[in-house]
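Single-letter residue listing:
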Number of protein chains: 2
Amino acid sequence: MAQHVHNSYHPVDAAVLKRLREIFPKDRISNEPVDLMTYSYDATRKEYAPQVVIWPETAQEISDLMKVACNYRLPVYPRGGGTGLTGGALAVEGGIVLSLERMVKIGEIDEQNRLVTAQCGIPLAELKTAVQKKNLFYPPDPSSAKSATLGGTLAECAGGLNCVKYGTTKDWVMSAVAVMPTGEIIHVGSKARKSVVGYNLLQLLIGSEGTLAILTDATLRLIPYPKFRKSFYALYDSVMASAIAVQAMLQSGVTPSALEFIDRISLEAANNYVKDKQIPVAEALLLVETDGYDEQSMNEDLQILLELCKEKSASAIREAQTEEERASLWFIRKSLSPAMYAMAAFKANEDICVPISEFPAMLEEAYAISKRHNVITLCFGHAGDGNLHVNFMSNQEHDDDVEAAVNDLFRATVAHGGSISGEHGIGITKAPYLSYEMGERELRLLVQIKELFDPVGILNPSKIVMKKE
Amino acid sequence: MAQHVHNSYHPVDAAVLKRLREIFPKDRISNEPVDLMTYSYDATRKEYAPQVVIWPETAQEISDLMKVACNYRLPVYPRGGGTGLTGGALAVEGGIVLSLERMVKIGEIDEQNRLVTAQCGIPLAELKTAVQKKNLFYPPDPSSAKSATLGGTLAECAGGLNCVKYGTTKDWVMSAVAVMPTGEIIHVGSKARKSVVGYNLLQLLIGSEGTLAILTDATLRLIPYPKFRKSFYALYDSVMASAIAVQAMLQSGVTPSALEFIDRISLEAANNYVKDKQIPVAEALLLVETDGYDEQSMNEDLQILLELCKEKSASAIREAQTEEERASLWFIRKSLSPAMYAMAAFKANEDICVPISEFPAMLEEAYAISKRHNVITLCFGHAGDGNLHVNFMSNQEHDDDVEAAVNDLFRATVAHGGSISGEHGIGITKAPYLSYEMGERELRLLVQIKELFDPVGILNPSKIVMKKE
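Keep in mind that this is a model prediction, so the values were computed, not measured.

## Details of the overall build of chain A
Working step 1: Of the regular secondary structure elements, chain A holds 15 helices and 18 strands.
Working step 2: For 469 residues, the compact-globule estimate of 2.2 N^0.38 gives 23 Å, and chain A sits close to it at 23 Å.
Working step 3: The principal-axis extent of the C-alpha atoms belonging to chain A is close to 70 × 55 × 45 Å.
Working step 4: By sequence separation, contacts in chain A at least 24 residues apart represent 73% of the contacts at least 6 residues apart.

Set out below in structure tokens:
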């Protein structure tokens, strides 16, 4: 476990602790080794121990903390559920981990305006369930939704299964309260559906991975909960055949609420993991869902997509007739992540995104790279968005072959007009590759914006852009 | 006509002109009085004469120009169709007007990925027509679309009639090329459908009213063109009754593609203007449209909304049975703008936006303000978004009563949780009221971001935030 206190940062020493304990009661500040250990890692399996963990309850407490942090120059790492896949929450310079997990209050669920306001530490699934009780729907749905917090999903601009129909987190947030690194509390965005008042500070914070400000409260847009949903899967004898079916569905005018691709090696891994062999194996599987407010038209939509899959030479199709069958289809998709954790100790889980037309070619590139570097590779993802998860498996944390494969993958992604991160962000794991996609001047703008918000360089430092000291 | 050269800016003198003529051929640079006059005003009817007008054709030319402008410290005002309603294109410090009207090339219409790339000077309606020929649809549709340029709509984050279903400009732009005030050319955004790579520079530029960078090329997202659309109007005996019908429709689960409100005085003004009396008069009129890819379900949607309007005690309903009838219904809406220009020499056309639940109360506020200050006031707007156009009419440019009414209106808007601009931007006309909606720290962030992009202060200066010198 690496413990790293940057030379230019002040350590969390006795004087600092004394000052912090004036703000936070005993049960909400800890430097016990067990806590430092618990909060030292995230879903990347990388570990960096903080020197202290703090659990604030209000924006004002965070503001007070940041003023102390500014004074001493202490690195502060805001943290949600720790489910990030690029290290956005890791305390890479030591210092303070600021866990928002006690900031879980849901404020008003405003049914007339279809808005909900909540504190940013609430697990996303909890928030989704709360609004669903009022027949309202908050679409963003990363597979980590049970543990991921609202704030984490805002900071990373999380995606998930239904972006092909509903877009990503940025499309659903209306306004937010945030604490700046200097301790100032700001309000960004508007509860009005349209607002063009000054620069878009809200969208500057969304996806900024907690490097510009700490989001404490957010107001989200909701829609009526789609009562009906139906799914099927289609198997294909080649990846290319499945890619052609994807294109046909996207051109049909019917928008699926999910359109997932899973390749053979991923299906086999899931099969080995679940053992009961209920998971079909083919060169490629497409999982397709439609949802809606009207059962008949939702069914009609599904049939249009299903017929297209048949036409485009699916070798088998299974349509879920009941809710249980639907759950069993989605169980295939949900098995992938635990199957991979069981399969190898480490993985480089990349989430590249290319224009839809490049999806087949990008898959071919991924397989060629996997072969070239002799790395076991599982490909699946949100085909409807061109968002492909390429998982390079390894049994060691530092693996030259995997690193070479990742490097080639990002080069190829940019060559195909794509983006090196569709929904996982940059954090620390992708920071070295940022220049593949962004020019020098654009990168300098990122650094300048970071410096503008955080002149002392204390909020989630050493993320996204490595600032030259 | 005010001609104002700020003390701290260098005038466009003979030396400057000589330098500019090295970049731009004779037919694309002019200081002829007729040109200076033509480019001195916009849809606000306010006038500020530039000292020279330039028509660039490429981003590179704009880059070369900005380097000269930086050297000399010359104010540069990028300009599209001049249809802005808050003075975003006005050359308030004199200097250079940079008209993008020769940058009208449409690049690839990429049908597979449903993307179009175009130069920013193209009139929006032309672009919409070009993609419609390929059965594709670019939804943003400000009523100025015939003259407004793509770049102008990006800079202002334009809205229009169909935002209630399709959102605003910011939801449809994928990536852009822009020239920074320093002359550097940057690429922002991605053609991939999902991208979380660094801060959202694209959305920072969208709606920044040409104060941060000059957008030269943009790639836009398209959807299949909705083949079918149908409209009706419903009349109401009171504004409140119409507001109740709006709420009911928005709660129905059916999303109209347009949902417009027009009040009695606006209908009367339209009637006086068109003279042939085909425009109905009532206390309130709602114009409702649905669109879709399937005629039957689009019709079903319309019937649901139409029945709701009846239930909520419409005094009369007229459903367009033919395309001609549909056009005649929308003619009512389209008559409003010319009717107002015919009615009075000046108007303060405010476009406040409030949460839907506040729409009825906000209307009452607008009428009370109008009465209090004895100003003739026409209210209409995008009821489905809570976006209300409140037009205070006057026969003089500076009217104390109108100014007092505007002031009260913005105070009331913010008190109702709304935004002082839904789609027109801030420009110069709303700049004095910015602090009603934004706090001191947030305003300072705007100034800091402006200074970061434009350290010399030459790009569209004196807009949005008045920088303290």
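On we go from here.
## With respect to the side chain of His373 of chain A
Residue and element names in this part refer to chain A.
Working step 1: Secondary-structure assignment places His373 in the loop between helix H12 (359-372) and strand S17 (377-382).
Working step 2: A polar contact is formed between the side chain of His373 and the side chain of Asp408, at a distance of 2.6 Å.
Working step 3: When residues no more than four places from it in sequence are discounted, the contact partners of His373 are Asp401, Ala404, Ala405 and Asp408.

## Considering the relation of the copies chain A and chain B
Working step 1: Aligned on chain B, chain A shows an RMSD of 0.0 Å; the corresponding rotation is 180° and the shift along the axis is 0.0 Å. In the structure described here, the two chain copies are related by an operation that fits a two-fold rotation axis.
Working step 2: A share of 100% of the interface residues of chain A reappears at the interface of chain B, consistent with the copies meeting face to face through the same patch.

## Structural notes on the confidence of the model for chain A
Residues and elements named next belong to chain A.
Working step 1: Per-residue pLDDT for chain A averages 95, and the proportion of residues at 70 or more is 98%.
Working step 2: Scored below 50 in pLDDT, residues 1-5 shows 14 contacts in the model against residues more than four places distant or in partner chains.
Working step 3: In the predicted complex, the global pTM is 0.96; the interface-specific ipTM is 0.96.

## Here we look at the pairing of strand S4 (residues 96-99) of chain A
Residue and element names in this part refer to chain A.
Working step 1: Neither face of S4 is exposed, since Ile96 and Leu98 on one face and Val97 and Ser99 on the opposite face are all buried.
Working step 2: Taken together, the 4 bridges between strand S3 (residues 76-79) and S4 define a ladder with parallel strand orientation. Pairing of Arg79 across the sheet is with Ser99, part of S4.

## Structural notes on unusual backbone geometry
All names here are of chain A.
Working step 1: A positive phi angle, near 50°, is found at Arg114, a position not held by glycine.
Working step 2: Structurally, the position occupied by Arg114 is in the loop between strand S5 (106-110) and strand S6 (115-119).
Working step 3: Not every positive phi belongs to a glycine, and Ile464 is a case in point at roughly 60°.
Working step 4: Checked against the element boundaries, Ile464 lands in the segment after helix H15 (440-453).
Working step 5: Classification of Ile464 by relative accessible area gives buried; the value is 1%.

Rules used throughout
- Residue numbers here run from 1 along each chain, matching the order of that chain's written sequence.
- Chain A is the first chain written and ligand 1 is the first ligand written, with later ones labelled in order.
- pLDDT decides what is reported in this predicted model: residues at 70 or higher carry local features, side-chain atom pairs at 80 or more are listed and counted, and totals for whole chains, interfaces and linings draw on all residues regardless.
- Side-chain descriptors were evaluated using all non-hydrogen atoms of the structure, hydrogens and water having been removed beforehand.
- Starting at the N terminus, helices and strands are each numbered in turn, a helix being any DSSP run of H or I of at least four residues and a strand any DSSP run of E of at least two.
- Taken over C-alpha atoms, the radius of gyration is set against a globule rule of 2.2 Å times the number of residues to the power 0.38.
- Throughout, a residue-residue contact means that at least one pair of heavy atoms, one from each residue, lies within 4.5 Å.
- A 3.5 Å cut-off defines polar contacts: any pair of N or O atoms within that distance qualifies, except that in protein one atom must be a possible hydrogen donor and the other a possible acceptor, and neighbouring residues in sequence count only when both atoms are side-chain atoms.
- We superpose the copies by least squares over the C-alpha atoms of residues that have a pLDDT of at least 70 in both of them.
- What pLDDT reports is the predictor's confidence in each residue, on a scale of 0 through 100.
- Buried means the residue's accessible area, taken with a 1.4 Å probe over protein chains only, is under 20% of the maximum for its type, while exposed means over 50%, and partly exposed covers the values in between.
- Strand pairing is assigned whenever DSSP detects at least two bridges linking the two strands.

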